[in-house]
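# Architecture and fold: a report
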Amino acid sequence: MSNPCHIAELQNSRQGSTTGLVSSCSYGTGSRESTNEDSLSMSNPSLRAYLEHLAQEHQQLCREMVDEKNAADGKKQKRLRRRLTELTPLVEKMEEWVNKQTELNEIEELISDAPGSAQDKEMRELALLEKDECLEDADSLEQEILSLLTPVDDTDDNDIIMEFSAGVGGQEAMLFTADMFEMYERFAAYRDWDFQKLEYFTTDLGGLRHASVSVSGDEAYKLMKHEAGVHRVQRVPKTEKAGRIHTSTMAVAVLPQPKEIDLKLDPKDLRIETKKASGAGGQHVNTTDSAVRILHIPTGMVAESQQERSQLKNRSIAMVMLQTKIYNSILEQREATERSMRRSQVGTSGRSEKIRTYNFQQDRVTDHRVGQSVFDVEGFLLGGERLEELISSLVNEEEKEMVTRMLEEFEESQKKTL
Amino acid sequence: MAGPMKTSHKLFFPNFKRAILCIDFWTRSCSKSTFLNGQGYLRFEGGLSCCHGNASATKSMDCSVSKQTDSKNETLDIKIRNQPISRHFPWTSVRRTFSTSVTLQKDVEKCSASSNNFVETTPGPNGPTLFECNSPQAAVRWWSAVFSERGVPEAEVSAEFIVAHALGLKQLHELTSPVLARSLTQVELDIINRLCTKRMQRIPVQYIVGDWDFRDLTLEVRPPVFIPRPETEMLVDLILGHYSEDSKLHFLEIGCGSGAISLSLLSELLLARVTAVDCSEQAVQLTMENADRLGLQDRLTVHCAAVTSQLPKCLQGKSSSFDAIISNPPYIPTQDMEGLQPEIKLYEDAIALCGGPDGMDLIKDILRNTHLLLKPEGFIWLETDSRHPEAIQTWLDTNPGMGVELVGTYQDYHDRPRFTQLRYKNQPSQL
């Protein structure tokens, strides 16, 4: 366990020394032009304040842990310990970062103090080298601190259901939907995820009207949730004889599947239906129909599957789809109440938002949320590294946003206590 | 490494699990020997969703077939691309064109006469031409129109299943867009037309495509062995819900048909053993083949024997051997038989369907023999007609010596009493 008192002291001393030792620009990161607008670096005052707040909390927790008054209270002990394990890695990294800053300052001092003799020149070069190393270390520590700050989403690793629906643009939209479907199928293979078709409705020309799949694997929801929304294509369709460029759309929905603990449905609330065979059923009938429909009586929600030749498999597919529907309506409600509490419109973007354009004429894919363009559309549609890169920049963006929001909330609460 | 390569490997080199062999034969007689020449196509179905991109799953092949006329053993050796595949089927079925689904195992496959129950059909003049049916979906439309015109039930899905089968798939929606968009080849269309002509004769779709799914298993089905019904999946649910996975159980199945129940139990209860009997030799053969294919043969014993009021030899001296008896016995009353769909009446074995005047012949025989088979407190699980649970109770009341009591009836998804659970209490007081 680190020494919390030590950190707090250092933190304070650092604050005191800002004006004294280091020039008025931000902490030793002169090479980077970080301004407060570019918010998320250690130079951000509200981030600093927040981190200090956490360090104090950590200190307080340590004191309470050893306090004999609390020793008997098992519940409290447990709560304390949990929060402590959350904070400790963060506090340790902060301590390291602060140490690095001290080191940096010492080096800076050495450099600026050194007079111009030849021997000192050598020293100076060494010091400069050392300074670069220190800066690098500090930067990576900073990154680590930021990612530790990002709240972990419980649903990150959930299995998901992805739905693909053709939008405006007729046959061309359906062909584009098929292209997108294949891109994500390949991406799932690239990530070693399991990709199982639940529904798949095609058209004569090889287009896709609607499809849903179940995807499971590491970070499936974390990565794929950014793919939800409207995707737009601009190209000359295969079906177009006159060579005109068409604009068509398709929509992707990404729904986390509930884990077992998240949702339990009472079998009594479910009504399972199969197609009613005429007459007596059983041996009296030969049918290839194995479709299953499940109704959740309390919510009136329905899911069905006719994907498989076995009734049992159709039943389990329908069950997964039903659970996901119910779970997502619960999540939506929860999010809506949270949002109204915060009185802001931040949160997951609407499903109807246009998120990306695939422009074949200009051979680029543009993501409208990060304003980033990638060239080579065909390569992008292979669903490999290029898609992964774009997704990870979206993930980073989201993490930053989350931390920023957290800081805002922290500042609000600080103002209130004042 | 570029990501998509990973996918293509899987797609280009599938593990061949299922293949459709279509060979056109013609004969040439020459003194003592008859030579058969063949040309055909072999289509593989891989573990993944069939072919992708420019990968074609169709391999063209030349095969030479020879048969000695003096040989009484009607065995044909077919060489496919110089790889001998020995297939055994009666001489008569090779008259014109032969198409079936075969399972490849280490390149050598034994295949019994699966097609001799089919009426020989020629790709009739009623099939569409390539011009009329250039895409898989067009073929589906063409044939589903013909089916519904001629009153063939489940017209559209029948056509879909057959077209999918001809393309080496289980279902049409497994097709990915590039394949969907391409045209059919003449050979594919020939297969489709031939198989659809069979459907016109009301042959069940399951027999035409040669395999069907039961729970998590894919089972081979062939005439006249009873085609597993979806209701029976629920019987297995009931049984699985009752026993724990780690108990060493020994089940007896009476009337195993294609092996659906026994093989499901074996695949889901890894410590269980099953003894299965069926009075039909074809059913016993099919159960064993399905077990072999699924790798479940080690814990399964199959006997060809009939349970009547007397136990067959293979089940004698087995008192207190079994934890449970399971059966989906023939339960259709004799007077209902005439009114069955042509699919059932013409092609499925009546022995597997007809349960005597009240549909309870075998049910009663099972109850009569229970004390010679079951451990005390062991259960009997039956799928029956919806009228039977009540009738069984009545029969037990009037025949109190069986030592069996009815503990529960369960309904199928249409609220029909379909399943009966009975318990063997003790030695019967009298015999």
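Provided above is the structure to which this section pertains.
This section reports on the structure supplied with the text. Sequence order as written defines the numbering, with residues in each chain counted from 1. In the order they appear in the text, chains get letters beginning with A and ligands get numbers beginning with 1. Only residues with pLDDT of 70 or above have their local features reported here, since the model is predicted, and side-chain atom pairs are shown and tallied only from 80 upward, although totals for entire chains, interfaces and linings are computed over all residues. Working from all heavy atoms in the structure, the side-chain values ignore hydrogens and water.

Okay, the packing of helix H7 (residues 230-242) of chain B against helix H8 (residues 260-268) of chain B next. Residues and elements named next belong to chain B. Packing of H7 against H8 leaves a shortest axis separation of 10 Å and a crossing angle of 40°. It follows that H7 is oblique to H8 by the angle criterion. Seen from above, H7 lies across H8 with right-handed handedness. Here Thr232, Leu235, Val236, Ile239 and Leu240 of H7 lie close against H8, whose contacting residues are Ile261, Ser264, Leu265 and Glu268. Its residues placed into classes, the contact of H7 with H8 shows 6 nonpolar, 2 polar and 1 charged. Every axis corresponds to a line fitted to the C-alpha atoms, with the helix fit spanning only the stretch in contact, and the corresponding angles, defined between N-to-C directions, vary from 0 to 180 degrees. Secondary structure elements follow DSSP: runs of H or I no shorter than four residues count as helices, runs of E no shorter than two count as strands, and numbering proceeds from the N terminus. Put simply, angles under 35 degrees are roughly parallel, angles over 145 are roughly antiparallel, angles from 65 to 115 are roughly perpendicular, and the rest are oblique. Each helix crossing is assigned a hand: it is left-handed if the near helix lies turned anticlockwise from the far helix by less than a right angle, otherwise right-handed if that turn is clockwise. We call two residues contacting when some pair of their heavy atoms lies within 4.5 Å. Throughout this entry, Asp, Glu, Lys and Arg are counted as charged residues, while Ala, Val, Leu, Ile, Met, Phe, Trp, Tyr, Cys and Pro are counted as nonpolar. The remaining residues, Gly among them, count as polar.

In this description, an aromatic ring pair is defined by two values, namely the gap between the centres and the angle between the planes. Residues and elements named next belong to chain A. Each aromatic pair joins two rings of Phe, Tyr and Trp (for Trp, the six-membered one) with centres within 6.5 Å, and gets the label stacked for planes under 30 degrees apart, edge-to-face for over 60, and tilted for any other angle. The final tally for this structure, using the stated rule, is 15 aromatic pairs over all chains. On the numbers, 5.8 Å between centres and 40° between planes, the contact of Phe164 with Tyr184 is tilted. Placement of the pair is Phe164 in strand E1 (residues 160-166) and Tyr184 in helix H6 (residues 170-190), with a sequence separation of 20 residues. Tyr184 matches Phe164 in its accessibility class, with the two residues each being buried. Aromatic rings pair up to connect Phe164, Phe181, Tyr184, Phe195 and Tyr200 into one cluster. Sitting over a ring, as applied to charges here, requires NZ of Lys or CZ of Arg to be within 6 Å of the ring centre and within 35 degrees of the ring normal. One Lys or Arg, Lys197, reaches over the ring of Tyr200 and ends 4.0 Å from the middle of that ring. Cation over ring: Arg235 sits above Phe360, and NZ or CZ is 5.1 Å from the ring centre. Throughout this description, buried means an accessible area under 20% of the type-specific maximum (1.4 Å probe, protein chains only), exposed means over 50%, and partly exposed covers the range between.

Residues and elements named next belong to chain B. Counted residue by residue, helix H12 (residues 361-369) has 7 buried out of 9 residues, so it is predominantly covered. Looking only at H12, the buried set comprises Leu362, Ile363, Lys364, Asp365, Ile366, Leu367 and Asn369. Summarising the contacts, the buried residues of H12 are in contact with strand E9 (250-254), strand E12 (322-327), strand E13 (374-383), helix H13 (388-398), strand E14 (404-411) and strand E15 (417-424).

We now examine a negative patch on the surface. Surface patches are drawn from residues lacking salt bridges whose relative accessible area is over 30%; two like charges belong together within 9 Å, two nonpolar side chains (Val, Leu, Ile, Met, Phe, Trp, Tyr) within 5 Å. Surface exposure here means Shrake-Rupley accessible area, sampled with a 1.4 Å probe, where a residue is shielded only by the protein chains that are shown. The salt bridge criterion pairs a side-chain nitrogen of Lys or Arg with a carboxyl oxygen of Asp or Glu, the two atoms within 4 Å. This count recognises Lys and Arg as positive and Asp and Glu as negative, with His and chain-terminal groups excluded. To locate a charge, the coordinates of NZ of Lys, CZ of Arg, CG of Asp or CD of Glu are taken. A cluster of like negative charges, contributed by Glu130(A), Asp132(A), Glu133(A) and Glu136(A), occupies part of the molecular surface. Among the structural elements, Glu136(A) can be located in helix H5 (residues 118-149).

This next bit is on the environment of Phe164(A). Residue and element names in this part refer to chain A. Overall, the relative accessible area of 0% leaves Phe164 in the buried class. Linking Phe164 and Glu125, residues 39 residues apart in sequence, is a C-alpha distance of 59 Å. When neighbours within four sequence positions are excluded, Phe164 is seen to be in contact with Thr177, Met180, Phe181, Tyr184, Arg209, His210, Ala211, Val213, Met250, Ala251 and Val252.

A few words on the sheet that holds E12(B). What holds strands together in a sheet is hydrogen bonding between their backbones, with the strands either parallel or antiparallel. Residues and elements named next belong to chain B. We call two strands paired when DSSP finds no fewer than two bridges between them. Spatially, the 7 strands line up as an open sheet ordered E11-E10-E9-E12-E13-E15-E14, and their pairing is mixed. Each edge of the open sheet carries a strand with a single partner, namely strand E11 (300-304) and E14. The mean angle between the axes of side-by-side strands here comes to 20°, regardless of whether they run parallel or antiparallel. The pairing of E14 with E15 spans 7 bridges and is classified as antiparallel. Bridge pairing in E15 places Thr409 opposite Thr420.

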